[in-house]
Amino acid sequence: MELTEIIDALRAAMPDVLVATDFDGTLAPLVRDPQQSRAVDGAIEVLADLARAGAQVAVITGRDAETVVRLGDLDRVPGVIVAGV
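Remember, it's a predicted structure, so these values are computed and weren't measured experimentally. (Residues numbered from 1 in each chain as written. Predicted model: local features only at pLDDT ≥ 70, side-chain atom pairs only at ≥ 80, totals over all residues. Heavy atoms only, no water.)

A short note on the nonpolar core
Ranked by size, the top nonpolar core spans 15 residues in total, and within it Phe 23, Leu 27, Val 59, Val 68, Leu 74 and Val 77 carry the most contacts. At five residues, the largest contribution of residues to this core is made by helix α2 (residues 43-52). Here Val 77 is in contact with Ile 44, Leu 47, Ala 48, Ala 51 and Val 57, once residues within four sequence places are set aside. (Core = buried A, V, L, I, M, F, W, Y, C linked by side-chain atoms within 4.5 Å. Buried < 20%, exposed > 50% of the residue type's maximum accessible area, 1.4 Å probe, protein only. Helix = DSSP H or I, 4+ residues; strand = E, 2+ residues; numbered from the N terminus. Contact = heavy atoms within 4.5 Å.)

Right, dumping it as structure tokens:
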């Protein structure tokens, strides 16, 4: 299968894809002060690209969702679902 065929197949499947990830320790490294937590460079851009391509993106956290949206800049991800405590 050619690379372009693989990419086309992935694009066609995007509406059926769920990308779910944790925040602390996955999108963002664990840090001593939780208020200093930030997503690693490029992570939010990748999630936003996946969302714009049609995938549903979700971030799960043990914190309250509003805090993680603010710290992670997750409002830049179209339609993101943030599930927190």
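Here we look at the sheet that holds strand β3 (residues 81-83)
As summarised here, the arrangement of the three strands in space is β1-β2-β3, forming an open sheet in which the pairing is parallel. The sheet terminates laterally at β1 (18-22) and β3, the two strands that pair on one side only. Adjacent strand axes in the sheet meet at a mean angle of 20°, parallel and antiparallel pairs treated alike. Of the pairings in the sheet, the one linking strand β2 (residues 56-60) to β3 comprises three bridges and is parallel in character. The partner of Ile 60 across the bridge, within β3, is Ala 83. (Pairing = 2+ DSSP bridges. Axes fitted to C-alpha atoms, helices over the stretch in contact; angles between N-to-C directions.)

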